[in-house]
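Working through the structure, step by step
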Amino acid sequence: GLYFPYDWLQTMGFYDWINMAFPTFVPDTPMYTYTMMGTNHRGWTATIFSPPKELYPYKYQDWNDLESRVFWWHMTDFKVLPMVQLFQSLPQLFQMLTQASMNSISAQMRLH
């Protein structure tokens, strides 16, 4: 399945696919850490916890700060869960879809 992070009404779909060992392809870009029309809204409070800057140098609610997006992107489940298939371009996605064994990916997902 092709999953676009934080797309409206699909937030939990990602976890359903992972738990079903359904090969899941996600764009590898911090630009999806926040989307304008997705499940994140600028008026919502992102967090009420303010950790020390030594631990987290960027605030999660800094939606317009690209460095902050990159920092938080590396901590998302899309980036850290094993066997999520990350792609950086459409040609790379098409190559992955034609060359990867979906059965093998699914089998490896079941091991985690």
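Scoring rules and cut-offs
- Residues numbered from 1 in each chain as written.
- Predicted model: local features only at pLDDT ≥ 70, side-chain atom pairs only at ≥ 80, totals over all residues.
- Heavy atoms only, no water.
- Patch = residues over 30% accessible without salt bridge, like charges linked within 9 Å, V, L, I, M, F, W, Y side chains within 5 Å.
- Areas by Shrake-Rupley, 256 points an atom, 1.4 Å probe, with all protein chains shown as cover.
- Salt bridge = Lys/Arg side-chain N within 4 Å of Asp/Glu carboxyl O.
- Helix = DSSP H or I, 4+ residues; strand = E, 2+ residues; numbered from the N terminus.
- Buried < 20%, exposed > 50% of the residue type's maximum accessible area, 1.4 Å probe, protein only.
- Polar contact = N/O pair within 3.5 Å; in protein donor to acceptor, adjacent residues only side chain to side chain.
- Contact = heavy atoms within 4.5 Å.
- Arc of directions from axis to C-beta.
- Phe/Tyr/Trp six-rings, centres within 6.5 Å; stacked < 30°, edge-to-face > 60°.

Moving on to a nonpolar patch on the surface. A surface patch of nonpolar side chains, amounting to about 290 Å² of accessible area, comprises L55, Y56 and M75. Its place among the elements puts L55 in the loop between β1 (25-27) and α2 (66-73).

Next up on the list: the pattern of salt bridges. All chains considered together, the criterion is met by one salt bridge. Notably, a salt bridge pairs D28 with K79, separated by 3.0 Å at the nearest N-O pair. Here D28, found in the loop between β1 and α2, pairs with K79, found in helix α3 (residues 77-80); they are 51 residues apart in sequence, far enough to count as distant. Look at K79 and you get partly exposed, because its relative accessible area is 24%.

The next point concerns the side chain of D28. At a separation of 3.0 Å, a polar atom in the side chain of D28 contacts the side chain of K79. Once residues within four sequence positions are removed from consideration, D28 is found in contact with W73, K79, L86, F87 and Q88.

For the rest of this paragraph, the subject is α2. For α2, the full list of buried residues reads S68, R69, W72 and W73. In a view along the axis of α2, the buried residues occupy a sector of 130°, so they form one face of it. Those residues of α2 that are buried lie in contact with β1 and α3. Where α2 starts, the residue carrying a side-chain oxygen 3.3 Å from the main-chain nitrogen of E67 turns out to be D65.

The next point concerns the packing of aromatic side chains. Per the stated rule, a full pass over the model turns up eleven aromatic pairs. Ring centres 5.7 Å apart and planes at 25° place the aromatic pair Y3 and F78 in the stacked group. On the criterion of sequence distance, the pair formed by Y3 in the segment before α1 (13-19) and F78 in helix α3 is long-range, its members being 75 residues apart. Accessibility expressed as a relative area gives 1% for Y3, which makes it buried. For F78, a relative accessible area of 5% gives the class buried. With 6.4 Å between their ring centres and 85° between their planes, Y56 and F71 make a pair best called edge-to-face. Of this pair, Y56 sits in the loop between β1 and α2 while F71 is found in helix α2, placing the two residues 15 residues apart along the sequence.

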